[in-house]
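Coordinates in review
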Amino acid sequence: MVEHFWLRYRKQVLKWCLYPFVVYFVCTLYYLSIFGVDGVEDPDDAETEIVLRIVLVLFEFYFIRLEVLCIIRDGITYFSDFYNIFDIVSFGLNLYVILQVSFGLDKERGEEM
């Protein structure tokens, strides 16, 4: 059945799932490599950080929406698959790091100690 319909839906899967995920993944790697470790230290990098942050948050909501639709469709059985839980935890951790860098929460905590 899957092989029969794959030719019909292949372009849609690539367009709406794979390509957005590749862009999201590359942006996440770049963001975490540059800003996730040291934050925004150079004022010239502030614009890049803001643009990447906006792109990442938009993709976060895009993919979380897909996960919510799957939860609605599958109900509680959605959580029986490890990879579904991994997806949700991954999006949550990425959002957490973005918020940490955006609001300087990690630097505030370091100053209190």
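Quick summary incoming for the structure in this document. (Residues numbered from 1 in each chain as written. Predicted model: local features only at pLDDT ≥ 70, side-chain atom pairs only at ≥ 80, totals over all residues. Heavy atoms only, no water.)

Where nonpolar side chains cluster on the molecular surface, the patch consists of Leu18, Tyr19, Phe21, Val22, Phe25, Val26 and Leu29 and spans about 650 Å² of accessible area. Following the sequence through the fold, Val26 ends up in helix H1 (residues 2-38). (Patch = residues over 30% accessible without salt bridge, like charges linked within 9 Å, V, L, I, M, F, W, Y side chains within 5 Å. Areas by Shrake-Rupley, 256 points an atom, 1.4 Å probe, with all protein chains shown as cover. Salt bridge = Lys/Arg side-chain N within 4 Å of Asp/Glu carboxyl O. Helix = DSSP H or I, 4+ residues; strand = E, 2+ residues; numbered from the N terminus.)

This paragraph deals with the packing of H1 against helix H3 (residues 82-103). Between H1 and H3, whose axes approach to 11 Å, the crossing angle comes to 40 degrees. In terms of axis orientation, H1 runs oblique to H3. In this structure, the crossing between H1 and H3 has a hand that is left-handed. Of the residues in H3, those touching H1 at Tyr24, Thr28, Tyr31, Leu32, Phe35 and Gly36 are Phe91, Asn94, Val97, Ile98, Val101 and Ser102. For the contact of H1 with H3, a count of residues per class yields eight nonpolar, four polar and no charged. (Axes fitted to C-alpha atoms, helices over the stretch in contact; angles between N-to-C directions. Parallel < 35°, antiparallel > 145°, perpendicular 65-115°, else oblique. Left-handed = near helix turned anticlockwise from the far one by under 90°. Contact = heavy atoms within 4.5 Å. Nonpolar A, V, L, I, M, F, W, Y, C, P; charged D, E, K, R; others polar.)

Here we take up the packing of aromatic side chains. Enumeration according to the criterion identifies 14 aromatic pairs in this entry. Measuring from ring centre to ring centre gives 6.1 Å for Phe21 and Phe25, while their planes differ by 20 degrees; the resulting arrangement is stacked. One end of the pair is Phe21 and the other is Phe25, both in helix H1 and four residues apart, which spans about a single turn. Residue Phe25 is classed as partly exposed on the basis of its relative accessible area, which comes to 44%. Taking 6.3 Å as the distance between ring centres and 20 degrees as the angle between the ring planes, the aromatic pair formed by Phe59 and Phe63 counts as stacked. Of this pair, Phe59 and Phe63 both sit in helix H2 (residues 46-74), separated by four residues, roughly a single helical turn. Grouped by ring-pair contacts, the aromatic residues Phe21, Tyr24, Phe25, Phe59, Tyr62, Phe63 and Phe91 constitute a single cluster. (Phe/Tyr/Trp six-rings, centres within 6.5 Å; stacked < 30°, edge-to-face > 60°. Buried < 20%, exposed > 50% of the residue type's maximum accessible area, 1.4 Å probe, protein only.)

The next point concerns the side chain of Asn84. Inspection of the secondary structure assignment puts Asn84 in helix H3. When residues no more than four places from it in sequence are discounted, the contact partners of Asn84 are Glu67 and Tyr78.

From the geometry alone we can't say anything about function, so treat these as descriptive.
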